[in-house]
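What follows is each chain in one-letter form.
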Amino acid sequence: MDLTQVSPTVWQLAFPVGHVHFVRLPDGYALIDTAVPGSATTILDALARLGGRSQDLRQIVLTHSHIDHMGSAADLVEATGARVLAGALDAPVIRGTAAELEPAYTAPECALHEQIMAGFAEADVRPLQHVPVDVELHDGDTIADWSEPVHVLHVPGHTPGSIALHLASSGVLFPGDIVATTEGRAILGPFNVDRDQAIASFRRLASLEVEALCVPHGEPVLKGAGKVLRAAAPETDWL
């Protein structure tokens with residue numbers, strides 16, 4: 001899998017579905033999302049390419065509870081001892097004590113979802129394994145032990161507890177699935193439980209000062225991401 005450097009401390013590891021991101025910490029690395037089940041070996045191999053060992057993975061931040069984001073978290077915790085951080089409202093789903101809400105699919109989203117599920121079946125993706133959440137995150141929180149301040153934003157709509165991370169000093173944004181990219185444009189991520197809420201969350205993220213955009217689906221925007229976000233029209237996506 002390709003590793004793309006986004007900033008001096010951030011790398012994207014691309015997967016067919018659900019990219020993950022490494023962030024260098026003063027004493028190791030954080031991982032944002034974990035791809036589908038069965039991805040742990042690939043992620044740890046990428047960590048080694050960055051010069052890290054398994055025990056150097058300190059934190060796993062899950063932007064939300066979907067299988068292509070939390071899918072390998074349990075395996076990675078077992079291999080590394082990393083702590084898991086996630087939005088408070090998604091934490092029960094990640095732990096397996098609450099059921100995942102079904103998205104309100106539009107017709108184009110239904111077709112895309114069927115295509116993705118067929119790909120999962122063909123790839124024999126393993127069943128989801130739940131994982132304990134060590135730290136529940138809320139809007140306005142900051143995450144400790146990073147090399148710069150990282151601000152947590154509650155951005156509901158895709159799931160009730162979706163979060164985004166904003167590294168204000170370096171202008172890097174991890175939006176979770178509220179934002180995707182295609183052909184150099186930012187678009188609303190599909191498969192939302194509340195479309196109007198997701199659009200409002202998108203607009204909130206577009207109001208931030210952002211230079212680099214690290215999306216789980218699509219290509220990263222390495223320069224001028226704020227302008228790309230403000231040029232988007234999420235109200236018209238997936239209709």
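Along each chain, residue indices are assigned from 1 in the same order as the chain's sequence is written. With pLDDT at 70 or above as the cut-off, local features in this predicted model cover only qualifying residues; side-chain atom pairs require 80 or more to be listed or tallied, and sums for whole chains, interfaces and linings still use all residues. Hydrogens and waters are ignored; side-chain quantities use all the structure's heavy atoms.

Looking at this model, I keep getting lost on the environment of L101. Mind explaining?
Secondary structure counts use DSSP, requiring at least four H or I residues in a row for a helix and at least two E residues in a row for a strand, with both numbered from the N terminus. Mapping L101 onto the fold places it in the loop between α4 (91-95) and α5 (107-123). Only protein chains enter the calculation, and the probe is 1.4 Å; a residue is then buried if its accessible area is under 20% of its type maximum, exposed if over 50%, and partly exposed in between. Judged by its relative accessible area of 48%, L101 is partly exposed. Once the C-alpha coordinates of L101 and H158 are considered, the two residues, 57 residues apart in sequence, prove to be 9.9 Å apart. We call two residues in contact whenever any of their non-hydrogen atoms come within 4.5 Å of each other. Among residues more than four places away in sequence, those in contact with L101 are P160 and V193.

Whenever I open this one, the nonpolar core confuses me. Can you help?
Buried together is how nonpolar side chains tend to be arranged in soluble globular proteins. Buried Ala, Val, Leu, Ile, Met, Phe, Trp, Tyr and Cys residues form a nonpolar core when they are joined through side-chain atoms within 4.5 Å. In terms of nonpolar packing, the biggest core is built from 27 residues, with F22, I43 and L62 touching the most fellow members. Listed by contribution, the elements that provide at least two residues to this core are β2 (10-13), β3 (20-25), β4 (28-32), α1 (40-49), β5 (57-62), α3 (73-80), β6 (83-87) and α4. Broken down by element, the residue count for this core peaks at four residues, all from α1. Beyond its immediate sequence surroundings of up to four residues, L62 is in contact with D33, T34, H69, M70, A73, V84, L85, A86, G87, I94 and I163. Within the second largest apolar cluster, 21 residues are counted, among which are L153, A186, L188 and L213.

Honestly, the sheet that holds strand β8 (residues 151-154) in this entry has me stumped. Any pointers?
Pairing between the strands of a sheet is mediated by backbone hydrogen bonds and can be parallel or antiparallel. Strands qualify as paired when DSSP identifies two bridges or more between them. Here we have four strands laid out as an open sheet, ordered β8-β9-β10-β13, and mixed in their pairing. Only two strands of the sheet have a single partner each, and these edge strands are β8 and β13 (212-213). Here β8 runs beside strand β9 (residues 163-167); their pairing, made up of four bridges, is antiparallel. The residue of β9 that forms the bridge with V152 is L165.

Quick question: what am I supposed to make of unusual backbone geometry here?
The bulk of non-glycine residues show a negative phi, and the bulk of peptide bonds are trans. Phi at E183 is positive, roughly 50 degrees, even though this residue is not glycine. Along the chain, E183 turns up in the loop between β11 (179-182) and β12 (185-188). If you check the backbone angles, W238 has positive phi at about 65 degrees while not being a glycine. Tracing the backbone through its elements, the reader meets W238 in the segment after α7 (225-230).

Looking at this structure, how should I read the environment of Q59?
Locating Q59 in the fold gives a position in strand β5. Between the C-alpha atom of Q59 and that of A233, which follows or precedes it by 174 residues, the distance is 34 Å. With near-sequence residues (within four places) excluded, Q59 lies in contact with Y29, A30, L31, A82, R83, L85, I143, A144, D145 and W146. Of the polar contacts made by the side chain of Q59, one reaches the side chain of W146; its length is 2.8 Å. Two N or O atoms count as a polar contact when they lie within 3.5 Å, although within protein this holds only if one can serve as hydrogen donor and the other as acceptor, and sequence-adjacent residues are included solely when both atoms are side-chain atoms.

When you look at α1 in this model, what are you seeing that I'm missing?
Owing to its 3.6 residues per turn, the α-helix brings residues three or four apart onto one side. Taken together, the buried positions of α1 are occupied by A40, I43, A46 and L47. Buried residues of α1, viewed axially, fall in a sector of 125 degrees; they line one side. Exposed side chains of α1 directed beyond 90 degrees from the buried face belong to T41 and R49. Just downstream of α1 lies G51, where phi reads positive at about 95 degrees. For this quantity, the arc is that covered by the directions from the helix axis to the C-beta atoms.

Please clarify how the packing of aromatic side chains should be interpreted in this entry.
Two descriptors summarise a pair of aromatic rings, namely the distance from one centre to the other and the angle between the planes of the rings. The aromatic pairing rule takes the rings of Phe, Tyr and Trp, using the six-membered ring of Trp, and pairs them if the centres are within 6.5 Å, calling planes under 30 degrees apart stacked, those over 60 edge-to-face and the rest tilted. Within this structure, the stated rule accounts for two aromatic pairs. Aromatic pair Y105 and F191: ring centres 5.7 Å apart, planes at 70 degrees, arrangement edge-to-face. Remark: F191 occurs in the loop between β12 and α6 (195-206) and Y105 occurs in the loop between α4 and α5; sequence separation between them is 86 residues. Of the residues examined, F191 reaches a relative accessible area of 13% and is grouped as buried.

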